[in-house]
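Residues per chain are reported as follows:
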Amino acid sequence: MRSHASAFVWMIWSRHRLGLVASAIGLALMAATYPFLLPRLDHRVGLIVGSIVPVIIFAYVGNLLIFADEVGSLTTGYPRHMYTLPVRSRMLAFWPMAISIASASILWLITALLIFRPAGFDVPAVLPAIWIATMVAWFQVLCWLPLPGVLVTYLAAFGIWLFVGAPFLLLAREMVAYETLVVVGAAAMPPLYVLACLAVAHGRRGDRWSLGIDRIVAGLLGFRDRLAGRSRAFRSPAEAQLYYERTCQSGIILGLMAAQDILVFLFALLARRDNLLACYMALGVILSTPLLISGSQGGSLGRWCPIWVKRRDGLSFLAVRPMTTEALISAKYRMAWDIVWKSWVISVAFAVALVAIRRDVHVEIPLMESFLRLLPGWRGILAIAGGVPLLLLLQWRMATDNLVPAFTGRRWIGDGMVLLSTALFLGQVALAVWYSKQPWILPYVVATAAWIAVCFVVVKLVVGSFAMRAALRRKLLSGRNAAWFGALWLVAAALTIGMGAVFLPDGWPHAPRPVLITGLLSLLPAARFGLAPVVLDANRHR
């Protein structure tokens, strides 16, 4: 190697050349096709559809540019093998940060100037490049600092609000000039580099800054145990596993959710007294947070180690743990259910507090009037009584969607499913915007989606039946739990069919009413109950 820079570039290129080549080919194809394809679509639809591939590329390349010991994990620290290089610590910090900042900025400039602008979209170039570069540098500093993993998780969320959310709000409300944000973002780079040098120097010596976090966490866990009246002895390994899952997974996720709700709550309180829109936006964000958290953090629930621990592909005790595969999966499912109902307790508490404090704008009156006008009388009561359980079940399904891919023990399957889910979500948003512009095509779309959903229901039931049979034959699942899952699914299916029969409108062409109602069953979880034990057992014995 002729220079330090070329050595660091080679470290990334040699390990991830296939992914980087695929990303470059994707950028080239977008630059060649977007100017001809996107102008044919509605402006907003084209922007959303055109963002699907760039989002995936940015997610992949961004994880590589962090320079973490484990790609994509902020809690793993600086790559330990690089500490042995005959280079000063400040160079170990400078070149990875410089390469990452330059690569992220260039990637955005290519996307904005060579892909979106030729397609007719006036996308800003400089400020988003500064934002992205600042975020990458912030994530690098957090990853390299010898901080407790719990603190890194919260600081990462805080950085997103500080470096992206706050500038966007200030710019949207015209409280600061565009040029000012550019200058402030560029000025943040030198302090971040100083922190990076400090992080690498202390990490190279093996330091660890606890900052009292360990004692605080231990005190909180002890207080929780005393409050719940729990003794130190567990009655079974399954109970100990559930306690472990709740401590290492659900507590962190619910803490992140509460921190986000606090920020949104303060945003609504600090808004002008006559700003009704701010209150409505805050209520919408707070009440949608449980679903967003379940969808975004569900991929981390498949980890068999805490979020702040390095390895994501499982621990050695997974194969020798003195408990059945069924007990391990049961702990995951129960932990996901804890996240579901506790997230709603937190959101409802913040929503009620916001409505009570901002009584001057009477936020609740228009909402109640709209609800009673839309669902008068017994229909409103039925919507609440039947909709709430189905909403909780839907959220639980979202939280456990990525468990089966994670149970395979193959990271490319788990991470690939997360990227696929993101692409499908953006695609659905784009289709919804497109349909809103062409309402005449909506009946045909509903009919097509209904028949596809019915086929999906059949496939899920067939796969689930075979998987359940295999799990029972291998004694990976007890007959009692299999009967419990089947009864739960039948009750949820009956409730879904009943709600669909009451609230689905009549008169959809090309889609009989039974097909529409049956298609709703595709929202219910089915195959995962049999697939999870089969897949996890294969992973434990491979």
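Further up the page is the structure itself.
Quick caveat: nothing in here was measured; it's all calculated off a predicted structure.

Conventions adopted
Residues numbered from 1 in each chain as written. Predicted model: local features only at pLDDT ≥ 70, side-chain atom pairs only at ≥ 80, totals over all residues. Heavy atoms only, no water. 1 Å grid on protein atoms, 1.4 Å probe; cavity = no way out; pocket = protein on both sides within 12 Å on 5 of 7 lines; lining within 4 Å. Points joined across faces, edges and corners; volume = space filled by probe spheres on them. Helix = DSSP H or I, 4+ residues; strand = E, 2+ residues; numbered from the N terminus. Nonpolar A, V, L, I, M, F, W, Y, C, P; charged D, E, K, R; others polar. Expected span 1.5 Å × (residues − 1). Buried < 20%, exposed > 50% of the residue type's maximum accessible area, 1.4 Å probe, protein only. Core = buried A, V, L, I, M, F, W, Y, C linked by side-chain atoms within 4.5 Å. Contact = heavy atoms within 4.5 Å. Axes fitted to C-alpha atoms, helices over the stretch in contact; angles between N-to-C directions. Parallel < 35°, antiparallel > 145°, perpendicular 65-115°, else oblique. Left-handed = near helix turned anticlockwise from the far one by under 90°. Phe/Tyr/Trp six-rings, centres within 6.5 Å; stacked < 30°, edge-to-face > 60°. Lys NZ or Arg CZ within 6 Å of the ring centre and 35° of its normal. Salt bridge = Lys/Arg side-chain N within 4 Å of Asp/Glu carboxyl O. Patch = residues over 30% accessible without salt bridge, like charges linked within 9 Å, V, L, I, M, F, W, Y side chains within 5 Å. Areas by Shrake-Rupley, 256 points an atom, 1.4 Å probe, with all protein chains shown as cover. Polar contact = N/O pair within 3.5 Å; in protein donor to acceptor, adjacent residues only side chain to side chain.

The space that makes up the second largest pocket amounts to roughly 1,300 Å³. Mapped onto the lining of the second largest pocket, the elements with two or more residues apiece are helix H10 (276-297), helix H12 (325-357), helix H13 (364-374), helix H14 (378-399), helix H17 (442-473), helix H18 (479-503) and helix H19 (513-519). Taken together, the residues of the lining of the second largest pocket break down into 31 nonpolar, five polar and one charged.

In a regular helix each residue adds 1.5 Å, so 16 residues correspond to 22 Å; helix H7 (residues 189-204) covers 22 Å between its end C-alpha atoms and thus fits that length. Those residues of H7 that sit buried are Met-189, Leu-192, Ala-196, Cys-197, Ala-199, Val-200, His-202 and Gly-203. Just downstream of H7, Gly-206 is the residue with a positive phi angle, here 80°.

This part is about the nonpolar core. Among the nonpolar cores identified, the biggest contains 53 residues, and Phe-8, Tyr-78, Met-97, Trp-144 and Val-200 are the most heavily contacted of them. The set of elements that each furnish at least two residues to this core consists of helix H1 (4-37), helix H2 (43-65), helix H3 (89-116), helix H4 (126-144), helix H5 (149-172) and H7. When near neighbours in sequence (up to four residues on either side) are disregarded, Trp-144 contacts Ile-66, Phe-67, Gly-77, Tyr-78, Ala-93, Pro-96, Met-97, Ala-196, Ala-199 and Val-200. Core analysis: the second largest hydrophobic core is formed by 42 residues, Ile-253, Val-340, Val-404 and Val-457 among them.

The relative placement of two packed helices comes down to the angle between their axes together with the axis-to-axis distance. One way to put it is that H4 packs onto H7 with a least axis distance of 9 Å and a crossing angle of 20°. With respect to H7, the axis of H4 lies roughly parallel. Crossing geometry of H4 relative to H7 is assigned as left-handed. Between H4 and H7, the residues in contact are Ile-130, Ala-133, Thr-134, Ala-137, Trp-138, Val-141 and Trp-144 and Met-189, Leu-192, Leu-195, Ala-196, Ala-199 and Val-200, respectively. Class assignment of the residues belonging to the contact of H4 with H7 gives a composition of twelve nonpolar, one polar and no charged.

Using the criterion set out here, one finds twelve aromatic pairs in the structure. Pairing Trp-396 with Phe-529 gives two aromatic rings, centres 6.0 Å apart and planes at 15°, and the pair type is stacked. Placement of the pair is Trp-396 in helix H14 and Phe-529 in helix H20 (residues 528-540), with a sequence separation of 133 residues. The residues Trp-396 and Phe-529 share a single accessibility class, namely buried. Positioned above the aromatic ring of Trp-378, the side-chain terminus of Arg-379 is 5.9 Å from the ring centre.

Along its 13 residues, H20 runs 18 Å from first to last C-alpha, staying within 8% of the 18 Å computed at 1.5 Å per residue. Most of H20 is tucked away, with eleven of its 13 residues classed as buried. Listing the buried residues of H20 in full gives Arg-528, Phe-529, Gly-530, Ala-532, Pro-533, Val-534, Val-535, Leu-536, Asp-537, Asn-539 and Arg-540.

Now for the pattern of salt bridges. Counted by the stated rule, this structure contains four salt bridges. Notably, a salt bridge pairs Asp-338 with Arg-246, separated by 2.4 Å at the nearest N-O pair. Of this pair, Asp-338 sits in helix H12 while Arg-246 sits in helix H9 (residues 237-270); the two residues are 92 residues apart in sequence, bridging distant segments of the chain. Residue class for Asp-338 comes out buried when judged on its relative accessible area of 5%. Given a relative accessible area of 26%, Arg-246 falls into the partly exposed group.

What follows is about empty space enclosed by the protein. The tally for this structure, following the rule as stated, stands at one cavity of 30 Å³ or more. Reported here for the largest cavity is a volume of approximately 40 Å³. Per element, the largest residue contribution to the lining of the largest cavity is four residues, and it comes from H18. Taken together, the residues that form the lining of the largest cavity break down as seven nonpolar, no polar and no charged.

A few words now on a nonpolar patch on the surface. A surface patch of nonpolar side chains, amounting to about 480 Å² of accessible area, comprises Trp-10, Trp-13, Val-21, Ile-25 and Leu-29. The residue Val-21 is located in helix H1 in this model. Overall, Val-21 belongs to the partly exposed group, its relative accessible area being 37%.

Note that Arg-528 resides in helix H20. Residue Arg-528 is classed as buried on the basis of its relative accessible area of 12%. Here the side chain of Arg-528 touches Asp-401 through a polar contact of 2.7 Å, side chain to side chain. Those residues in contact with Arg-528 that lie beyond four places of it in its chain are Tyr-333, Trp-396, Arg-397, Thr-400, Asp-401, Val-404 and Pro-533.

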